[in-house]
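Read off the chains here:
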Amino acid sequence: MKISIIEDEVQARRSLKQLISLVQPKAKVVYESSRVKDAILYLKTHSVDLVFLDIELEDGNGFELLNAFLKSDFKVIITTAFDDKAIDAYRSNAMDYLLKPISPYDLKSALKRVINQLKIEALANKAAEEKLTLKTNKAFIRLAPSEIIRLKADGAYTHFITKDNDILVSKNLQYYQDLLGDCFLRVHQSHLVRQDQISAIKGKEVFLNNGDVVPLSIRRKQLVIKLLE
């Protein structure tokens, strides 16, 4: 994972680099800057996976940088000493918000979320290029994994639930779990859901972005939570 640190305090940059090397040794800091304009130029001409972005910089505000990238390939973690900036951070679609001084535990959790999201997106992009051919009793349907919200077992059959359809096919859920891979989580004996569609976990239920609620088995709960942390 390639990381950029946009921070106006030299000591803060040095401390963050040391923490990153401790909690995620495989990550590499490839760029540092204290200025908005320099950082924008670099990020428009180089590829990085994650940007640690301070709010107050030498020549402006960190949100100015975010506004320069309405759509970006990199993830953002806001770092600041001012906790009243949290709302602005999340409105800007930052993945996380770390309050200075940054604790190793908080940093490790934030990096884990970013890494998991990058893996999900990479797998989804790869899978999206390889559409499934689903055979129903009436037709053959070509479906990209990115179109699937969840799957539900129905005996020896499986329901594919998309935004607009419920497609019933004559193979069991385990077959499709093996086929679809890590983008999908088995949250229950009868339910397989796409990871990035999970909005919340409450008690024995998993809530999805489209409003669906599916059961969560006690046996699988801790594993599901751990994968999503």
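Model, not experiment: these values are computed from the prediction.

Turning to the overall build of the protein chain, a few remarks are in order. Within the protein chain, the secondary structure is distributed over seven helices and 17 strands. Taking the principal axes of the C-alpha coordinates as reference, the protein chain spans close to 65 × 35 × 30 Å. In the protein chain, which comprises 229 residues, the share counted as buried stands at 41%. For the protein chain, the proportion of contacts with a sequence separation of at least 24, taken over those separated by at least 6, is 50%. If you sum the accessible surface of the protein chain, you get close to 13200 Å²; carbon and sulfur atoms cover 49% of it. Averaged over its 35 positive side-chain charges, the protein chain has a centre that lies 8 Å from the centre of its 30 negative ones.

Helix length check: helix H1 (residues 10-23), at 14 residues, gives a terminal C-alpha distance of 20 Å against a target of 20 Å (1.5 Å per residue), a fit within 8%. Every buried residue belonging to H1 is among Arg13, Leu16, Leu19, Ile20 and Val23, and all of these are buried. Taken down its axis, H1 places every buried residue within 130° of arc, on the same side.

On inspection of all chains with the given rule, the structure shows four aromatic pairs. Residues Tyr31 and Tyr42 carry aromatic rings whose centres are separated by 3.8 Å and whose planes lie at 5° to one another, so their mutual orientation is stacked. Here the residue Tyr31 occupies a position in strand E2 (residues 28-33), and Tyr42 occupies one in helix H2 (residues 36-45), the gap between them amounting to eleven residues. Ring centres 4.8 Å apart and planes at 90° place the aromatic pair Phe160 and Tyr176 in the edge-to-face group. Here Phe160 is found in strand E11 (residues 157-162), whereas its partner Tyr176 is found in helix H6 (residues 173-180), with 16 residues between them in sequence. Neither residue differs from the other here; Phe160 and Tyr176 are each classed as buried. Each member of the aromatic cluster is reached from another via a ring pair, and the members are Phe160, Tyr175 and Tyr176.

Time to look at the confidence of the model for the protein chain. Mean pLDDT over the protein chain works out to 88, with 93% of the residues at or above the 70 mark. The least confident element of the protein chain, judged by mean pLDDT, is helix H4 (residues 86-91) at 63; the most confident is strand E1 (residues 2-6) at 97.

Here we come to the sheet that holds strand E7 (residues 96-99). Read from one edge to the other, the open sheet built from five strands follows the order E2-E1-E3-E6-E7, with strand pairing classed as parallel. Here the strands that pair on one side only, and so sit at the sheet edges, are E2 and E7. Taken pair by pair, the neighbouring strands of this sheet meet at an average axis angle of 20°, ignoring direction. Examined bridge by bridge, strand E3 (residues 50-54) and strand E6 (residues 75-80) share five bridges and lie parallel to one another. Residue pairing in the sheet places Asp54 in a bridge with Thr79 of E6.

Formed by 21 residues in total, the largest nonpolar core has its most connected members in Leu43, Leu53, Leu65 and Ile78. Elements supplying a minimum of two residues to this core: H2, E3, helix H3 (62-67) and E6. The dominant element in this core, judged by the number of residues it contributes, is H2, at five residues. When near neighbours in sequence (up to four residues on either side) are disregarded, Leu43 contacts Ser4, Val48, Val51, Leu65, Phe69 and Phe74.

Of all the residues in H2, the buried ones are Val36, Ala39, Ile40, Tyr42 and Leu43. All buried residues of H2 project into a common sector of 165° when viewed along the axis, lining one side. Of the exposed residues in H2, the ones pointing more than 90 degrees away from its buried face are Lys37, Leu41, Lys44 and Thr45. Buried residues belonging to H2 abut E1, E2, E3, strand E4 (56-57), strand E5 (60-61) and H3.

Definitions and limits used
- Residues numbered from 1 in each chain as written.
- Predicted model: local features only at pLDDT ≥ 70, side-chain atom pairs only at ≥ 80, totals over all residues.
- Heavy atoms only, no water.
- Helix = DSSP H or I, 4+ residues; strand = E, 2+ residues; numbered from the N terminus.
- Buried < 20%, exposed > 50% of the residue type's maximum accessible area, 1.4 Å probe, protein only.
- Contact = heavy atoms within 4.5 Å.
- Areas by Shrake-Rupley, 256 points an atom, 1.4 Å probe, with all protein chains shown as cover.
- Lys, Arg positive; Asp, Glu negative; His and termini not counted.
- Charge placed at Lys NZ, Arg CZ, Asp CG, Glu CD.
- Expected span 1.5 Å × (residues − 1).
- Arc of directions from axis to C-beta.
- Phe/Tyr/Trp six-rings, centres within 6.5 Å; stacked < 30°, edge-to-face > 60°.
- pLDDT = per-residue confidence, 0-100.
- Pairing = 2+ DSSP bridges.
- Axes fitted to C-alpha atoms, helices over the stretch in contact; angles between N-to-C directions.
- Core = buried A, V, L, I, M, F, W, Y, C linked by side-chain atoms within 4.5 Å.

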